[in-house]
Amino acid sequence: MACEKCERKKKRSQKEYKDLMNRLNRIEGQIRGIKGMVENDAYCPDILIQVSAATAALNSFNKVLLANHIESCVVDDLKEEKEGTVQELVTVLQKLMK
């Protein structure tokens, strides 16, 4: 699924791609498990605990992706003296911290 609004793209190493996809597959499995719990009338606190685990997994995914972004995209843009790199990073961080 291509992003029609995305102007920039990033070529990821095979290792980075595999790590991110593994994390997303686990998160997707957690979400399917939560859906199954709701469908099977599981006890609310049990569902809440699983939602908390999925949220933590998404937060972990964000941390890894952000670190990769800073270590590659941001560093490369700064070396090339591209305008707006720091402001873009600040904007992303502000959105992540809401």
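Described in the following lines is the structure provided in the data block.

**Digging into the overall build of the chain**
No. 1: Helices and strands together make up the secondary structure of the chain, namely three helices and zero strands.
No. 2: Of the regular secondary structure in the chain, the N- to C-terminal order runs α-α-α.
No. 3: Considered along the principal axes of its C-alpha atoms, the chain spans approximately 55 × 30 × 25 Å.
No. 4: When each of the 98 residues of the chain is scored for burial, the buried share is 17%.
No. 5: Counted over contacts in the chain with a minimum sequence separation of 6, partners at least 24 positions apart contribute 51%.
No. 6: Carbon and sulfur atoms provide 57% of the accessible area of the chain, an area that totals close to 8,200 Å².
No. 7: Positive and negative charge centroids in the chain, built from 17 and 15 side chains respectively, lie 3 Å apart.

**Regarding the pattern of salt bridges**
Two side chains bearing opposite charge may form a pair once their charged atoms approach each other closely.
No. 1: Going through the model one piece at a time under the given rule, you end up with eight salt bridges.
No. 2: Glu-16 is paired through a salt bridge with Lys-10; the nearest N and O atoms lie 3.0 Å apart.
No. 3: A salt bridge links Glu-28 to Arg-32; its shortest N-O distance comes to 3.6 Å. With Glu-28 and Arg-32 both in helix 1 (residues 14-39), this residue pair falls four residues apart, about one helical turn.
No. 4: A relative accessible area of 43% places Glu-28 in the partly exposed class.
No. 5: With relative accessibility at 54%, the residue Arg-32 sits in the exposed group.
No. 6: Several salt bridges converge on common partners, so that one network encompasses Arg-8, Asp-77, Glu-80, Lys-82 and Glu-88.

**Points about the packing of helix 1 against helix 2 (residues 44-79)**
Packed helix pairs are specified by the crossing angle of their axes together with the interaxial distance, meaning the distance between the axes.
No. 1: With their axes 10 Å apart at the nearest point, helix 1 and helix 2 run at an angle of 165° to one another. For the element pair helix 1 / helix 2, the angle class is roughly antiparallel. When the axes of helix 1 and helix 2 are compared, the crossing they make is left-handed.

Conventions and cut-offs
Residues numbered from 1 in each chain as written. Predicted model: local features only at pLDDT ≥ 70, side-chain atom pairs only at ≥ 80, totals over all residues. Heavy atoms only, no water. Helix = DSSP H or I, 4+ residues; strand = E, 2+ residues; numbered from the N terminus. Buried < 20%, exposed > 50% of the residue type's maximum accessible area, 1.4 Å probe, protein only. Contact = heavy atoms within 4.5 Å. Areas by Shrake-Rupley, 256 points an atom, 1.4 Å probe, with all protein chains shown as cover. Lys, Arg positive; Asp, Glu negative; His and termini not counted. Charge placed at Lys NZ, Arg CZ, Asp CG, Glu CD. Salt bridge = Lys/Arg side-chain N within 4 Å of Asp/Glu carboxyl O. Axes fitted to C-alpha atoms, helices over the stretch in contact; angles between N-to-C directions. Parallel < 35°, antiparallel > 145°, perpendicular 65-115°, else oblique. Left-handed = near helix turned anticlockwise from the far one by under 90°.

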